Amino acid sequence: MADYRVAEGHTGGSWNLQGIGMTSQRTRNRMVNRLREQGIKHEELLALMSRMPRHIFLDEALSHRAYEDISLPIGHQQTLSRPWVVARMTELLLEMPERPRKVLEIGTGSGYQSAILASLFERVVSLERIGSFQAKAQKCFQALGLDNLELHHADGHDGWEAQAPYDAILVTAAPDVIPPRLLEQLSDTGVMVLPVGSGEEQSLTRVTLNASGHTSDVLAAVHFVPLQQGLV
Ligand code: SAH
């Protein structure tokens, strides 16, 4: 884990990070400038990403690459998505007519995407099939003072019925088809954002419910790890 310390919790302004957290502010600003060039427009999100210490979610050996325009390995052959993917998926939720309050995330992984969500939305439930990721991510949330996250070691195909319905669902691993149980747990005005498809390239898809079922918009070609069955 990188050398960082948080003096105070998340107070809506900035985190008081020492050590590498401070020195990486310049690289974070560069990342945010790049996100703007790549079409990300939501100012609150850009401001958040310029504060959020992405490097603490990675192993120390990789922390110097945290703000590059790449996805990064987090162990167990899983990856933390590149910044544009995290930003665009989050921005799609922020573009909803009403800001979602309760969000379900599938694939906690490093916890970076979860921390972004928990900084913007009231309540986040995040599911992860690889148990060892949870403790690592939890440490980062504690360091950032984020206490509105609920983590479960569970298979995301089933969603998390106990807290349903969700105003938004964000899936960070690719299923071949939209998991039906997730659709069932979406509120009437809910939106689900996920990569769909097998193979090297998948379609970043926004699913919206309507009276006759749901509609899907395909937004971009993306590359995610597959949504897998069962717990590890
Ligand atoms: N959002 C993560 C991305 C991690 S990669 C981040 O910011 O780091 C995708 C994650 O989805 C991996 O951690 C993988 O273990 C998890 N995953 C894959 N299939 C899953 C399933 N069926 N249920 C829950 N999590 C799953």
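Residues numbered from 1 in each chain as written. Predicted model: local features only at pLDDT ≥ 70, side-chain atom pairs only at ≥ 80, totals over all residues. Heavy atoms only, no water.

Colleague: Looking at this structure, how should I read helix H2 (residues 25-37)?
Modeller: Along an α-helix, residues three or four positions apart point the same way, because every turn accommodates 3.6 residues. Its 13 residues give H2 an end-to-end C-alpha distance of 19 Å, which sits within 8% of 18 Å, the value for a rise of 1.5 Å per residue. Just downstream of H2, Gly 39 is the residue with a positive phi angle, here 105°. (Helix = DSSP H or I, 4+ residues; strand = E, 2+ residues; numbered from the N terminus. Expected span 1.5 Å × (residues − 1).)

Colleague: Is there a simple way to think about the sheet that holds strand S3 (residues 102-106) in this case?
Modeller: Pairing between the strands of a sheet is mediated by backbone hydrogen bonds and can be parallel or antiparallel. Read from one edge to the other, the open sheet built from seven strands follows the order S5-S4-S3-S6-S7-S8-S9, with strand pairing classed as mixed. What marks the edges here is a single partner per strand, and that holds for strand S5 (149-153) and strand S9 (213-222). Put simply, the sheet's adjacent strands are angled 15° from each other on average, direction ignored. For S3 and strand S4 (residues 123-128), the ladder comprises five bridges, and the chain directions are parallel. Pairing of Ile 106 across the sheet is with Leu 127, part of S4. Contacts from helix H5 (residues 112-120) reach S3, S4, S5 and strand S6 (166-171) within the one sheet, and its direction differs from that of S3 by about 175°. (Pairing = 2+ DSSP bridges. Axes fitted to C-alpha atoms, helices over the stretch in contact; angles between N-to-C directions. Contact = heavy atoms within 4.5 Å.)

Colleague: Would you mind showing me how to read empty space enclosed by the protein here?
Modeller: Picture a little ball the size of a water molecule; that probe, rolled over the atoms, points out where space is still empty. Overall, the coordinates contain one cavity of 30 Å³ or more when judged by the stated rule. A volume near 110 Å³ is recorded for the largest cavity. Lining the largest cavity are ten residues, and of these Phe 57, Leu 58, Asp 59, Ile 74 and Lys 136 lie nearest its centre. Breaking the lining of the largest cavity down by element, the ones donating at least two residues are strand S1 (72-75) and helix H6 (131-144). (1 Å grid on protein atoms, 1.4 Å probe; cavity = no way out; pocket = protein on both sides within 12 Å on 5 of 7 lines; lining within 4 Å. Points joined across faces, edges and corners; volume = space filled by probe spheres on them.)

Colleague: Got a minute to help me understand the pattern of salt bridges in this structure?
Modeller: For side chains of opposite charge, pairing can occur when their charged atoms come near one another. Considering all chains together, one arrives at 13 salt bridges under this definition. Across the salt bridge formed by Arg 206 and Glu 95, the nearest N and O atoms sit 4.0 Å from each other. Linking Arg 206 in strand S8 (residues 202-210) with Glu 95 in the loop between helix H4 (83-94) and S3, this pair joins segments that are 111 residues apart in sequence. Classification of Arg 206 as partly exposed rests on a relative accessible area of 22%. For Asp 217, the salt bridge goes to Arg 206, with nearest N and O atoms at 3.2 Å. Pair noted here: Asp 217 is in strand S9 and Arg 206 is in strand S8, with a separation of eleven residues, a long-range link. A relative accessible area of 31% places Asp 217 in the partly exposed class. (Salt bridge = Lys/Arg side-chain N within 4 Å of Asp/Glu carboxyl O. Buried < 20%, exposed > 50% of the residue type's maximum accessible area, 1.4 Å probe, protein only.)

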